[in-house]
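Spelled out from the first residue to the last, the chains are:
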Amino acid sequence: MDTPKWIVGISPTRVASIHALCSMTILVFLAMGCRLASKIPSLMSGSDATAETPTTPESVIFRDDFTDQLNPAWTWQNEDTSRHRVNKEGWLEITGGDESILAGGRQTNLLWIPLSEGDFVISVHLVSQPLFDFQRAGLLLYQDSEHYISLSRGYCMQCVLGGSGVFLEYSLDGNGGRYTSATNANDLYLMLVREREVVNAYYAVEAGQWQHIASLENEIRFERIVLSVTNDTAWNNGYDVVGMFDYLEIQRPAQLPPTPSPGFYEQG
């Protein structure tokens, strides 16, 4: 083994101390580098950020997260208190009745809020599992039985779709029809966007991953947005559809919607 070499003016003991100090300094820089690196978002598969619709305090007109109780801006129509509640997880639950307002019936537990004039983006997070024909839960722009736009998670074996899906149903100035997109997802997001007298309908199974269903030209200034849940029939074998709403948000359009991809269409 070689004997320690002398550095002019510095003893072997001081050289050893300098080596130790350098080693500690390197460890400190390495630790700081690890801490900084931990704050950099991962780009590995499975951690990509979703392209959600941007929300700013200035753009939001109304939002209710259904925490403990409803925002007082809501109004119940044909309320049945035994068939709605805000659960302990902060979701609004509405159990469907057998009549539908779209068929001219006295539908229970329609929950609505006024819409201001101008363009808007309405989005809702919904969990629902319709199992029988015409059961649906979702959003409704409504003026009367001849003027409405309904976007819902529903079930219709008699339709072209032939089962579960997202349904965009409408009646506008005597013209009616239905666009559908097949999905078995029970947990999903719905969105209606009005810009320049056109209403675009979207849904997403993953937050922010919007899929376009259809665009409807519409000059009607709907005055209210409604949360709607209905069996739409008494022939449901005793199973009442339940709609669970996590939140509803209304905001001004902040950007152009995603590129459209058409769904199935049925003339009403």
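Points about the overall build of the chain
Of the regular secondary structure elements, the chain holds one helix and 16 strands. Long-range contacts, defined here as pairs at least 24 residues apart, represent 65% of the contacts in the chain between residues at least 6 apart. Accessible surface for the chain amounts to roughly 15,100 Å². Of this, 54% is attributable to carbon and sulfur atoms.

Here we look at the pattern of salt bridges
Under the criterion given, the structure shown has seven salt bridges. Close ionic contact of Glu-93 with Arg-85 constitutes a salt bridge, the shortest N to O distance being 3.1 Å. For Arg-85, a relative accessible area of 48% corresponds to the partly exposed category. Residues joined by salt bridges that share partners form a network here, namely Arg-136, Glu-169, Arg-178 and Asp-232.

Topic: the state of the cysteines
Applying the stated criterion across every chain, the model contains one disulfide. There is a disulfide in this structure between Cys-156 and Cys-159, and the S-S distance comes to 1.9 Å. The disulfide joining Cys-156 to Cys-159 has a torsion of about 80° about its S-S bond and is therefore right-handed. Judged by relative accessible area, Cys-156 falls into the buried class, the value being 4%.

Some words on the packing of aromatic side chains
Overall, the coordinates contain four aromatic pairs when judged by the stated rule. Considering the side-chain rings of Tyr-170 and Tyr-179, the 6.4 Å spacing of their centres and the 25° angle between planes classify their relative orientation as stacked. Under the relative-accessibility criterion, Tyr-170 is labelled buried at 11%. Within the aromatic cluster, the residues linked to one another by ring pairs are Phe-62, Phe-66 and Trp-74. Across the ring face of Tyr-247, the terminal group of Arg-63 is positioned such that the distance to the ring centre comes to 4.3 Å. Across the ring face of Trp-112, the terminal group of Arg-224 is positioned such that the distance to the ring centre comes to 3.7 Å.

Description of the pairing of strand 11 (residues 187-195)
Sheet faces and side chains relate simply in a regular strand, where the side chains alternate between the two faces. With eight of its nine residues buried, strand 11 lies for the most part within the structure. Where strand 6 (residues 120-128) lies against strand 11, eight bridges are found, and the strand directions are antiparallel. The partner of Ile-122 across the bridge, within strand 11, is Leu-192. In this sheet, strand 12 (residues 198-204) lies alongside strand 11 in antiparallel orientation, the contact comprising seven bridges. When the sheet's bridge partners are listed, Met-191 is paired in strand 12 with Tyr-202. Taken together, strand 11 and the strand that follows it, strand 12, pair antiparallel across an intervening segment of two residues, in which Arg-196 is found at a positive phi of about 50°.

Overview of unusual backbone geometry
Positive phi, normally seen in glycine, also occurs at Phe-134, with a value near 75°. Residue placement: Phe-134 occurs in the loop between strand 6 and strand 7 (136-144). On the basis of relative accessibility, which here comes to 29%, the residue Phe-134 falls in the partly exposed class.

Some remarks on the confidence of the model for the chain
Interpretation of the predicted coordinates at a detailed level should be avoided for regions scoring low in pLDDT. Here the chain averages 80 in pLDDT, while 73% of its residues score no lower than 70. Contacts of residues 1-55 to residues separated by more than four positions or lying in other chains number 21 contacts, the stretch itself having pLDDT below 50. Note on residues 256-264: pLDDT is under 50 here. Beyond four places in sequence and across chains, it has 19 contacts.

What to know about the environment of Ala-201
Considering the arrangement of structural elements, one finds Ala-201 in strand 12. Judged by relative accessible area, Ala-201 falls into the buried class, the value being 1%. Filtering out sequence-adjacent residues up to four positions away, Ala-201 remains in contact with Leu-151, Leu-168, Met-191, Leu-192, Gln-211, His-212, Ile-213 and Ala-214.

As for the pairing of strand 5 (residues 110-114)
Taken across its five residues, strand 5 has four buried, putting it largely inside the fold. The pairing of strand 2 (residues 75-77) with strand 5 spans three bridges and is antiparallel. Bridge pairing links Trp-76 to Leu-111 in strand 5. Relative to strand 14 (residues 224-230), strand 5 runs antiparallel, the two being bridged by four bridges. Residue pairing in the sheet places Pro-114 in a bridge with Arg-224 of strand 14.

Rules of the game
- The numbering scheme is per chain: residues are counted from 1 as the chain's sequence reads.
- Totals for whole chains, interfaces and linings use all residues, but because this is a predicted model, local features are given only for residues with pLDDT of at least 70 and pairs of side-chain atoms are given and counted only at 80 or more.
- For the side-chain quantities, the full set of heavy atoms in the structure was used; hydrogens and water were omitted.
- A run of DSSP states H or I qualifies as a helix once it reaches four residues; a run of E qualifies as a strand once it reaches two. Both are numbered from the N-terminal end.
- Contacts were defined at the residue level, with two residues in contact if any of their heavy atoms lie within 4.5 Å.
- Per-residue and other accessible areas follow the Shrake-Rupley method at a 1.4 Å probe size, with only the shown protein chains counted as cover for residues.
- By definition, a salt bridge exists where a carboxyl oxygen of Asp or Glu is found within 4 Å of a side-chain nitrogen of Lys or Arg.
- Whether a residue is buried, partly exposed or exposed follows from its accessible area with a 1.4 Å probe, protein chains only, as a fraction of its type maximum: under 20%, in between, or over 50%, in that order.
- Pairs of cysteine sulfur atoms within 2.5 Å are identified as disulfides in what follows.
- When two rings of Phe, Tyr or Trp (its six-membered ring) have centres within 6.5 Å they constitute a pair, described as stacked for plane angles under 30 degrees, edge-to-face for angles over 60, and tilted for the intermediate range.
- Consider the ring centre and the ring normal. A charge sits over the ring if Lys NZ or Arg CZ is within 6 Å of that centre and within 35 degrees of that normal.
- Whether two strands pair depends on DSSP finding at least two bridges between them.
- What pLDDT expresses is the predictor's confidence in each residue, scored from 0 to 100.

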